[in-house]
Amino acid sequence: MSNAAADTEPTQPPPGDDQAFFGQPRGLMTLSGLEVWERFSFLGMQAILVLYFADTVAHGGMGMEPGTAASVSAAYGTLVYLVSVAGGWLADRMLGSYRAVLYGGILIACGHYAMAVPTDAMTWIGLGLISAGTGLLKPNVATMVGKLYRTDDERRDAGFALYYMGINIGAFLGPLITGWLGDHASWHWGFSAAAFGMTLGLAQYVLGRRHLAGRRHSAEFALAPAPMRRAVRLIVAGAVVVAVLATVLALTGWLTMDRFVDLLTLVSVIAPVVYFVVMFRSPRVTGEERGRLRPYVVLFLASVVFNFILFQAYSTMMLLASTNARTEILGFHFPASWYASALGAFEVALARVVAGVWARMGPRQPHVSNKIALGVILGGLSFLLMVVPTSGHSGDTYRMAAWWIVGSYLLLGLGDILLETSGMSATTKLAPAAFASQTMALWFLSLALANGIQAQVVKLYGEVSNPAYFGVNGAIAVVAGLAVVAAAPWLKRTMHPVH
C-alpha cells in the first residue's frame, strides 16, 4: 500500500453516526464475516475430530478409546488457546493486529489443507498449524472489534453480540457440511471443506480492510529495531529447539500422548498465573488499570468454569450422541456430528435477540458480572438436564430422543452468548493500554485452562456412570455462577466506570 493510502487509514473509532451494519460500524461486518468462515472451518473440523479419533482404523479413523479421543481433542483445544498468548504479544510488539490476523488465517487454512491428506502424520502437522494460526487470529480479531467503539459507546455490548452471531453462523454451517462429508465420504473430505471455508474468510477480510478502525501496518507498541531483531532470533531459535527436543523425546519413547496431554494441562494452569503477575507488576500499568484487573480475575475464573462445560459439546456430548442418541427426526437420518450445529443455530437465533435487548435497555442493562454469572449457571443446567435421559438404564444400548441433546444445547447456547460477548467486551474495556491485545489473549487463556482441565476430567467419561458425570460437573458450574452473583456488589464497585 502506498504512503498516501496509509495516511488515510482510520486510526480512531468511527463516529457514533456510523450505523451502516445493523446500527453498528461497517467494520463490524468485515470482522464478523471473517469469523463466520474461521468458525466454519474450526468448529466444522472440531465437530468431527473426536469422532475421527475414536473411529476404527478400518473406517478411516485413528482407533482411539472414547476417553482418550476426548482427552486428545481437549488437549488440542488447550494448545490452540495457549498459543494465543504469543499471538497477542506478536501483535502488540511486532506485527500489528491486522497482519497478525492475516498471517494467522493463512496458517489456519494451510493446517486444514494438511489435514485433508489421509495420513496420521499430516493430521498432527495440520493440527499444529491450526493451533499456531488460531493463536494469532483469535485474540487480535476480537481486539479489532473493540477498536470500533469508544469506551462510553452503549452500542459496544450489542456490537459484540452481533459479532458473536456471525461466529455462530459459521458454527452452525460448519458441522453440517463437514459432518455430512465425514459420514458419507471420508473424514478427510470433511477437513477439506474446512480448508475451503477459511480461504473464503481470508478473501473477504482483505477486501474489507479499509473499514477497520485502528488498522496499522506496524505494532502499536513496537519494539525498537535492535530488540526487534533479537526477538526474531530468539523466536526462531526457540521454535527449532522445541521441535528438535520434542522429536528426540518422542523417538526415545518418553514423550507419549498421555504425557503430552498432561504437560499441556500443567502449562495451561501456570501460564495465566504468570501472566496476571506480569501485568500486575508492570510499570506501564497505571494504578487505576491495576485496580480494574482485580475483578477481571473473577471474570476469568467464571469463563474457565463455563467453557469447561461448553467445550464438551464437541467431545463427550459428541461421543454420547454417536452412541446413545437417536439420529433421526421425522424419518430423516442425520450424522451425529450435526448435533453440534444445533448449538450454532441457537446462538444465531438468540444473539440478535440479546443484542436488541441490551440496545433497548441502554444504561439500564444488567452489570456485565451478572450477565456472565447467568451464562455460567445456564451452562451448568445444560449438563444437569442430561442426568434425566441417561438415568435408569440397565445397559449402554439405550437411545435417548434427540430433543434432550437439543434442549441441552439451547441452554448452553444462551449461556455462551451471555458470557462470551460480555466477557470479550469487558476485556477490551478493562485492558491496560500497554497490554491491549495481550489482555485479550489472557481471556483466551481461560479457554486454554478450561480445555486443560477438560483433558483430564474427560478421562472419567465411560469410567463413571453418565448421570454421575454430567450431574457433578453441572452442579459445580451452577454453584460457581451463584458465587459470581454473590460477588456482584464488589465487582460493580471495583470495575467502575465499566458497566
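All of these numbers come straight from a predicted model, not from anything done at the bench.

(A) How the structure looks around helix 5 (residues 120-146). Under the 1.5 Å per step criterion, the end-to-end length of helix 5 is 39 Å for 27 residues, consistent within 8% with the ideal 39 Å. Its axis deflected by about 30° at Thr-134, helix 5 carries its strongest bend there.

(B) Representation of the nonpolar core within the structure. Ranked by size, the top nonpolar core spans 131 residues in total, and within it Tyr-339 and Tyr-409 carry the most contacts. Every residue in contact with Tyr-409, bar those within four places of it in the chain, is listed here: Ala-313, Met-317, Met-318, Tyr-339, Ala-340, Ala-342, Leu-343 and Phe-346.

(C) View of unusual backbone geometry. At Leu-330, a residue that is not glycine, the phi angle is positive and equals roughly 55°. Leu-330 gets classed as exposed once you look at its relative accessible area, which sits at 88%.

(D) Focus on the packing of helix 2 (residues 27-54) against helix 5. Where helix 2 contacts helix 5, the two axes come as close as 11 Å, and the packing angle between them is 150°. Judged by the inter-axis angle, helix 2 sits roughly antiparallel to helix 5. Where helix 2 crosses over helix 5, the two elements pack in a sense that is left-handed. Facing Leu-28, Leu-31, Leu-34, Glu-35, Glu-38, Arg-39, Phe-42, Met-45, Leu-49, Tyr-52 and Phe-53 of helix 2, the residues of helix 5 in contact are Asp-120, Thr-123, Trp-124, Leu-127, Ile-130, Thr-134, Leu-137, Lys-138, Val-141, Met-144 and Val-145. Of the residues belonging to the contact of helix 2 with helix 5, the class tally is 15 nonpolar, two polar and five charged.

(E) Geometry of the packing of aromatic side chains. One pass over the full model with this rule turns up 17 aromatic pairs. Pairing Tyr-52 with Phe-53 gives two aromatic rings, centres 5.9 Å apart and planes at 35°, and the pair type is tilted. When sorted by exposure, Tyr-52 lands in the same class as Phe-53, which is buried. With a centroid separation of 6.0 Å and 35° between ring planes, the pair formed by Phe-332 and Trp-338 is classed as tilted. Phe-332 gets classed as partly exposed once you look at its relative accessible area, which sits at 46%. Chaining the aromatic ring pairs together yields one cluster made of Tyr-52, Phe-53, Trp-124 and Phe-191.

(F) View of helix 8 (residues 225-251). Taking 1.5 Å of rise per residue, the 27 residues of helix 8 would be expected to cover 39 Å, and the 39 Å separating its terminal C-alpha atoms lies within 8% of that figure. Looking at the residues trailing helix 8, positive phi occurs at Gly-253, about 90°.

(G) Examining the side chain of Asn-466 more closely. Within the secondary structure, Asn-466 is located in helix 17 (residues 466-486). Classification of Asn-466 as buried rests on a relative accessible area of 13%. Dropping the residues within four chain positions of it, Asn-466 is found in contact with Leu-320, Thr-390, Tyr-398 and Tyr-461.

(H) A look at the side chain of Asn-140. Locating Asn-140 in the fold gives a position in helix 5. Overall, Asn-140 belongs to the buried group, its relative accessible area being 0%. Polar side-chain contacts of Asn-140 include one of 3.2 Å to the backbone oxygen of Gly-87.

The rules we used
Residues numbered from 1 in each chain as written. Predicted model: local features only at pLDDT ≥ 70, side-chain atom pairs only at ≥ 80, totals over all residues. Heavy atoms only, no water. Helix = DSSP H or I, 4+ residues; strand = E, 2+ residues; numbered from the N terminus. Expected span 1.5 Å × (residues − 1). Bend = angle between axes of the 7 residues up to and from the residue. Core = buried A, V, L, I, M, F, W, Y, C linked by side-chain atoms within 4.5 Å. Buried < 20%, exposed > 50% of the residue type's maximum accessible area, 1.4 Å probe, protein only. Contact = heavy atoms within 4.5 Å. Axes fitted to C-alpha atoms, helices over the stretch in contact; angles between N-to-C directions. Parallel < 35°, antiparallel > 145°, perpendicular 65-115°, else oblique. Left-handed = near helix turned anticlockwise from the far one by under 90°. Nonpolar A, V, L, I, M, F, W, Y, C, P; charged D, E, K, R; others polar. Phe/Tyr/Trp six-rings, centres within 6.5 Å; stacked < 30°, edge-to-face > 60°. Polar contact = N/O pair within 3.5 Å; in protein donor to acceptor, adjacent residues only side chain to side chain.

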